[in-house]
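For reference, the chains in residue letters:
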Amino acid sequence: MRLTARTPSRPRSLIVGCAAAACAFLVVSSEAPGQAGPGSAEALVNGIQTIRRGDTVTKVDRTGKGAVLCMRGILQAMRAVGQACHDGADPDFQQELRAALARIDRFIADNAPDRAVPSRDGTTEPEQRPGAVCGRDAEAMYEALRTGGAAGLRAQVDDLLSIPREPVMNPCL
């Protein structure tokens, strides 16, 4: 059985496009709608494509807004860079990073199928030792994100969260 639908594609935001490209270490799915392959099924609900191949299920955000869990991971890493490498600098931007993560966590709690609240026990937080996070790539990514300032970050997160949908990780590049 194959169920497909298309959603209009929108340009990715600067944060999702540029910052996610720098996070190539995050998981990515390259499945396109209609290309699930033999022995598989796919469905599109609220812009989230679910691809089933045997016991494997892959979910991909096709809204054009960006993958919420991917952005959460990126912003967690950027918050760690801000704390470890720019402590006390840009307090408005660093406060907006914290607020953005809180808004994303509320979105996840409201929209996740199991209504799970993201972990706050530190197990998903990036390492915060300066030597571990203040590398050239992390600094470049932080500066690219900071370029838009607190208002730019707020606008990007507003757009990311503008469509209620299941939060997923893919695509994350």
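Remember, predicted model here, so these are calculated numbers, not experimental data. (Residues numbered from 1 in each chain as written. Predicted model: local features only at pLDDT ≥ 70, side-chain atom pairs only at ≥ 80, totals over all residues. Heavy atoms only, no water.)

Novice: Could you clarify how one ought to interpret the confidence of the model for the protein chain in this entry?
Specialist: When pLDDT is low, close inspection of the predicted coordinates is not appropriate. When pLDDT is averaged across the protein chain, the result is 77; 65% of the residues are at 70 or more. Taken element by element, the predicted model of the protein chain shows its lowest mean pLDDT in helix α1 (residues 14–22) (40) and its highest in helix α6 (residues 149–160) (97). Long-range and interchain partners of residues 1–31, a stretch whose pLDDT sits below 50, account for 74 contacts in this model, where long-range means more than four residues apart. (pLDDT = per-residue confidence, 0-100. Helix = DSSP H or I, 4+ residues; strand = E, 2+ residues; numbered from the N terminus. Contact = heavy atoms within 4.5 Å.)

Novice: Quick question: what am I supposed to make of the pairing of strand β2 (residues 48–53) here?
Specialist: The side chains of a regular strand alternate, residue by residue, between the two faces of the sheet. Note: β2 against strand β3 (residues 56–61), six bridges, orientation antiparallel. Residue pairing across strands places Q49 opposite V60, the latter belonging to β3. (Pairing = 2+ DSSP bridges.)

Novice: Which parts of the structure should I look at to understand the pattern of salt bridges?
Specialist: One side chain can pair with another of opposite charge once the charged atoms of both are near each other. The tally for this structure, following the rule as stated, stands at eight salt bridges. The shortest N-O distance in the salt bridge between D61 and R165 comes to 2.5 Å. One end of the pair, D61, is in strand β3; the other, R165, is in the segment after α6, and 104 residues separate them in sequence. Accessibility assignment for this pair places D61 and R165 in one class, buried. Put simply, K65 and D159 hold a salt bridge, and the shortest N to O gap is 2.6 Å. Within this pair, whereas K65 is found in the loop between β3 and α2 (68–85), its partner D159 is found in helix α6, the two being separated by 94 residues in sequence. Linked by salt bridges that have partners in common, D90, E143 and R146 make up one network. (Salt bridge = Lys/Arg side-chain N within 4 Å of Asp/Glu carboxyl O. Buried < 20%, exposed > 50% of the residue type's maximum accessible area, 1.4 Å probe, protein only.)

Novice: For this particular structure, what's the right way to read the nonpolar core?
Specialist: Note that soluble globular proteins tend to have their nonpolar side chains buried in a common cluster. Core analysis: the largest hydrophobic core is formed by 28 residues, its most contacted members being L75, M78, L97, I104 and L153. Of all the secondary structure elements, the ones that give two or more residues to this core are α2, α3 (91–111), α5 (136–146) and α6. If you tally residues by element for this core, the top one is α2, at nine residues. (Core = buried A, V, L, I, M, F, W, Y, C linked by side-chain atoms within 4.5 Å.)

Novice: Explain the state of the cysteines to me, please; I cannot follow it from the model alone.
Specialist: Working definition of a disulfide: a covalent bond connecting the sulfur atoms of two cysteines. Under the defined criterion, the tally for this structure stands at two disulfides. A disulfide bridge connects C70 with C172, and the sulfur atoms are separated by 1.9 Å. What sets the handedness of the C70 and C172 disulfide is the S-S torsion sign, and at about 75 degrees it is right-handed. Here C70, found in helix α2, pairs with C172, found in the segment after α6; they are 102 residues apart in sequence, far enough to count as distant. Taking the relative accessible area as the measure of exposure, C70 reaches 4% and is therefore buried. Here C85 engages in a disulfide with C134; their sulfurs sit 1.7 Å apart. (Disulfide = S-S within 2.5 Å.)

Novice: Looking at this model, I keep getting lost on the environment of A77. Mind explaining?
Specialist: Position of A77 among the secondary structure elements: in helix α2. Among the residues examined, A77 registers a relative accessible area of 19% and is labelled buried. Spatially, the C-alpha atom of A77 lies 8.1 Å from that of V133, the residues being 56 residues apart in sequence.

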